[in-house]
Amino acid sequence: MDAKAPKIDIGMTDESRGKIAAGLSRLLADSYTLYLMTHNFHWNVKGPMFNSLHLMFMTQYSEQWTALDLIAERIRALGYPAPGTYAEFVKLATIKEVEGVPKAMEMVGHLVTAQEATARTARELLPLADEANDQPTMDLLTQRLDVHEKTAWMLRSLLEE
């Protein structure tokens, strides 16, 4: 990470804390991009499945909103500033914004892709957190993986015939 690490003695090296905070910053960026996409689709969905998708998207973005705070606070606990601007999120995120207003089932497809991308970002950080003996980050990543994998499965199920 670019920011100079403050002196913190929690049983992890400064280098490990920096690398983990950088990985969590990427996870925060993907999570925020996913949150914004889901909220946008909640506002703009239409068609025969409007009510079901509108409510499903609301449940998903509400859960995602809570997760943003948990990820950002973990970055802060490691001694680094959490990214918090659109410019930072665009640089760090692996998820690309969706332009326009897709049809309802296209929204579902975009969300599957974004949920899977967010899961991959979380999973990439697990070995580093494990090597650093960083159980709080490992716990957070495990919880996020469970949510993103389950949500992707539920969304994929809507696309099956």
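Below you will find a few notes about this structure.

What counts and what doesn't
Residues numbered from 1 in each chain as written. Predicted model: local features only at pLDDT ≥ 70, side-chain atom pairs only at ≥ 80, totals over all residues. Heavy atoms only, no water. Helix = DSSP H or I, 4+ residues; strand = E, 2+ residues; numbered from the N terminus. Rg over C-alpha atoms; globule rule 2.2 N^0.38 Å. Buried < 20%, exposed > 50% of the residue type's maximum accessible area, 1.4 Å probe, protein only. Contact = heavy atoms within 4.5 Å. Areas by Shrake-Rupley, 256 points an atom, 1.4 Å probe, with all protein chains shown as cover. Lys, Arg positive; Asp, Glu negative; His and termini not counted. Charge placed at Lys NZ, Arg CZ, Asp CG, Glu CD. Salt bridge = Lys/Arg side-chain N within 4 Å of Asp/Glu carboxyl O.

### Examining the overall build of the chain
Here comes step 1: Scanning the chain from terminus to terminus reveals five helices and zero strands.
Here comes step 2: Counting from the amino terminus, helix and strand elements in the chain follow one another as α-α-α-α-α.
Here comes step 3: Against the compact-globule benchmark of 15 Å for 161 residues, the chain has a radius of gyration of 17 Å, which places it among compact chains.
Here comes step 4: On the principal axes, the C-alpha backbone points of the chain span a range of 55 × 30 × 20 Å.
Here comes step 5: Classification of the 161 residues of the chain by burial places 45% in the buried group.
Here comes step 6: For the chain, restricting intrachain contacts to residue pairs at least 6 apart in sequence, the fraction spanning at least 24 positions comes to 77%.
Here comes step 7: Here the chain displays about 9000 Å² of accessible surface, and carbon together with sulfur accounts for 55% of that area.
Here comes step 8: Counting 16 positive and 22 negative side-chain charges, the chain places the centres of these two groups 3 Å from one another.

### Considerations on the pattern of salt bridges
Here comes step 1: Here the structure, examined in full by the defined rule, presents six salt bridges.
Here comes step 2: Arginine 17 is the partner of aspartate 14 in a salt bridge, and the nearest nitrogen-oxygen pair spans 2.7 Å. In this pair, aspartate 14 and arginine 17 both sit in helix H1 (residues 14-44), three residues apart, roughly one turn of the helix.
Here comes step 3: Look at aspartate 14 and you get partly exposed, because its relative accessible area is 38%.
Here comes step 4: Residues glutamate 116 and arginine 156 are paired through a salt bridge, measuring 2.6 Å at the closest nitrogen-oxygen approach. With glutamate 116 in helix H4 (residues 104-131) and arginine 156 in helix H5 (residues 135-159), this residue pair connects regions lying 40 residues apart in the sequence.
Here comes step 5: A relative accessible area of 30% means that glutamate 116 is categorised as partly exposed.
Here comes step 6: Among the residues examined, arginine 156 registers a relative accessible area of 34% and is labelled partly exposed.

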